[in-house]
Amino acid sequence: MDHEIPLRGSSFPPIADYALLSDCEVCALVAPSGNVEWLSLPQMDGPSVFAAILDRQAGRFRAGPLDRMVPAGRRYLPGTMILETTWGTPTGWLEVRDVLLIGSWEDEDGSHRYVRAPRDRVAEHVLLRTFRCLDGFVDLELDCQPAFNYGRSNGSWRHVGDGYGDAVCEAQGIEPALRLRTDVRLGFEGGRARAETSLRAGQQAFCALGWSDRPPPATYDDAEARLAETRAYWHEWVNRGRFPDHAWQIHLQRSALTLKALTYAPTGAMIAAATTSLPEAPGGERNWDYRYSWLRDSTFMLWALCTLGFNREATDFFYFIADRVEDGDLQIMYGIDGRGRLDEVTLDHLSGYEGARPVRVGNDAWHHRQHDVWGVLLDSVRLHTHSSDRLDDRLWTLITRQVDAALEHWREPDRGIWEWRADPKHFTSSKLFCWVAADRGARLARLRDDTTAAERWEAAAQEMHDDICANGTDARGVFVQHYETDALDASLLLLPLIRFLPPTDERVRATVLAIADELTVDGLVLRYRVKETDDGLAGEEGTFTICSFWLVSALAEIGELDRARTLCEKLLSYASPLLLYAEEIEPHSGRHLGNFPQAFAHLALINAVMHIIRADQSLTEGPEILTEAPGRLAVQFGLELEPEDAAAHPNASGDDAGRDA
């Protein structure tokens, strides 16, 4: 049990205090106390075996000093997803390293999970924890208490082999079983495997939890060698990136590593966040499962990865999306293995994080009709396709079907970018992305010399453009949430970023400044004001991290560089101690809320920080860097725009949309 004095009288750590581990197949969250409080197996959106983050009795795996729960310091080893925790005790100092191992490729069991081309390194399906006494002596505790299937089933432990350092935990009818190996002596107390030992200065120990046929390390030397191989993997991966020599480089690197950590290697899918049901408001009902891949994130993902030079991951994610489109009718989201049904259920036996209920798994938004999907798909194809050589017949067939779907449905109401759970509306952002579908489709048709399709789609794009400008603005010329309302919506910050209008247009400027002045709390951006918008749910929510970073980019686009830089500095100061971001930030306290860490926040961070870095470069290299052809952000992102694109949109950039209601 935890013995530290809790914050706010809560036994749950603050959301921002968790550390993320990943092997690009599963994710784990580690609390400062040394508890692994979230791990789903055998993949990121599978059932949990440790879920203390949602109920203190739903499984945990603690490793650290006996009777000491607050560490002296925590960090990631630079350029890696390896967590290092240092403990100071009355008798000595202890260093703990936690990692999900990645090793050399070995032949699989025939399941053929990999759809994308397997790389040279692959997840070992092992959580490794190593211990080293730095000074004096430390009493070390291991306490592993799985609770399978979201805390519904406890396991039974038994020793294997001749000694006390190898054990298996099984629950009837549940796969996979767990295997715990260590060089200290394990005993069992019901569903718990426990060990205590004293380490003196210079002494070392390890424990490793595995869940596949690939065995965990058997000795400390083996554990250290496999940790070193994992460290080399992350260093090699991050070294492929292009990071500017800037004070904010560390934020870009940690965001890139986080995005990689949230990517499911076998298919290339990126999950929205590592967790389910962390609340958007303390004790509230806005608790959703984000362990799935949203189609709308594709453009945003491609921009961020291409910005930093990670074209391989961008291509994998693009083809994950393309595969889903080819499967049949387009959904807004998918399981990371490509499955379409994500039926939502509530887990009433779990108390929820700090009592926030219901706890949900699955997400009923999978069958929502949202009209932005066609636009984000076409923008993704546009970014992926630099020449007609890459626009093959397979892609062209998908393109024509999706553009025609946008043309067929754009006049209809939908659930909107925020996955509205009230009655459908004519959301302005949905119309905008239907315009994107027609506009990008026409450009791709020109690339293929298909004049007939290009002219038809250009005409449709113009009709949509006129309709949005006529019906999507208020008396001030500010773009609004949906037709027949004056309510603001943060999704309209995407106006200059998707090139609907140039950033010099007065309506764009008015919209960005209205959101900055009227839809913020202490400078941070709300999605919309809950009190003036019936979204079908009760309760309040915090400011959305992604929307605040969108505001940085939009302010930079309209020339408000000082204001953009100030806001970006403020947002970076709200990062967690390990430079991670949850879905929301409570502006007055800086407390993180919602699922964690959230990919969209880190995607938007990359775009926003790069906007400011380019502005800073202009101070030393001259203002021409902001207007140079063929489009400053196209050059920044390493992408190619055709001459007519640069002429029409000299401030082109890419960004994308958000998340569930």
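Residues numbered from 1 in each chain as written. Predicted model: local features only at pLDDT ≥ 70, side-chain atom pairs only at ≥ 80, totals over all residues. Heavy atoms only, no water.

Caption draft 1: Up close: the sheet that holds strand E25 (residues 543–544). As summarised here, the arrangement of the three strands in space is E25-E26-E27, forming an open sheet in which the pairing is antiparallel. This sheet does not close on itself; its edge strands, each paired only once, are E25 and strand E27 (592–593). Bridge count for strand E26 (residues 584–585) against E27 is two bridges, and the pairing is antiparallel. Paired with Ile585 across the bridge in E27 is His592. (Pairing = 2+ DSSP bridges. Helix = DSSP H or I, 4+ residues; strand = E, 2+ residues; numbered from the N terminus.)

Caption draft 2: Local environment of helix H10 (residues 506–518). The end-to-end C-alpha distance of H10, which contains 13 residues, comes to 17 Å, matching closely the 18 Å that a straight helix rising 1.5 Å per residue would cover. Turning to H10, its buried residues are Val508, Thr511, Val512, Leu513, Ala514, Ile515 and Ala516. Where the residues of H10 are buried, they touch strand E23 (520–521), strand E24 (524–525), helix H11 (545–557) and helix H12 (561–573). Near the N-terminus of H10, the side chain that reaches the backbone nitrogen of Arg507, with its oxygen 2.8 Å away, is that of Asp505. (Expected span 1.5 Å × (residues − 1). Buried < 20%, exposed > 50% of the residue type's maximum accessible area, 1.4 Å probe, protein only. Contact = heavy atoms within 4.5 Å. Polar contact = N/O pair within 3.5 Å; in protein donor to acceptor, adjacent residues only side chain to side chain.)

Caption draft 3: Representation of the packing of aromatic side chains in the model. Considering all chains together, one arrives at 16 aromatic pairs under this definition. Seen from their ring centres, Trp105 and Tyr114 are 5.5 Å apart, and the 90° between their planes marks the pair as edge-to-face. Classification of Trp105 by relative accessible area gives partly exposed; the value is 31%. Ring geometry for Phe549 and Tyr581: centres 5.6 Å apart, planes at 80°, overall edge-to-face. Here the residue Phe549 occupies a position in helix H11, and Tyr581 occupies one in the loop between H12 and E26, the gap between them amounting to 32 residues. Seen from the ring of Phe61, Arg129 lies directly overhead, with NZ or CZ sitting 5.0 Å from the centre. Directly above the aromatic system of Trp288 lies the positively charged group of Arg360, at a separation of 4.3 Å from the ring centroid. (Phe/Tyr/Trp six-rings, centres within 6.5 Å; stacked < 30°, edge-to-face > 60°. Lys NZ or Arg CZ within 6 Å of the ring centre and 35° of its normal.)

Caption draft 4: Representation of the pairing of strand E2 (residues 27–30) in the model. Here E2 shows a buried face lined by Cys27 and Leu29 and a second buried face lined by Ala28 and Val30. With four bridges connecting them, strand E1 (residues 19–22) and E2 associate as antiparallel partners. Looking at the pairing, Ala19 lines up with Val30 of E2. Following E1, the chain reverses through four residues before pairing antiparallel with E2; Cys24 in that reversal takes a positive phi of roughly 70°. Strand direction decides the pairing type here: E2 and strand E3 (residues 35–40), joined by three bridges, are antiparallel.

Caption draft 5: Highlighting unusual backbone geometry. Residues Glu175 and Pro176 are joined by a peptide bond in cis, for which omega reads 0°. With an omega of -20°, the peptide bond between Phe596 and Pro597 qualifies as cis. Take Pro597: it is sitting in the loop between E27 and helix H13 (599–621). Backbone geometry at Asn149 places phi at a positive 55°, although glycine is not the residue there. Mapped onto the elements of the fold, Asn149 is located in helix H1 (residues 148–151). The partly exposed category is assigned to Asn149, whose relative accessible area is 27%. Positive phi outside glycine occurs at Leu579, with the angle close to 65°.

Caption draft 6: Molecular detail of helix H2 (residues 220–239). Spanning 20 residues, H2 covers 28 Å between terminal C-alpha atoms, matching the ideal 28 Å at 1.5 Å per step. By the burial criterion, the buried members of H2 are Tyr220, Ala223, Arg226, Leu227, Thr230, Tyr233, Trp234, Trp237 and Val238. Along the axis of H2, the buried positions cluster into a sector of 135°, meaning they face one direction only. Those residues of H2 that are exposed and angled more than 90 degrees off the buried face are Asp221 and Asn239. (Arc of directions from axis to C-beta.)

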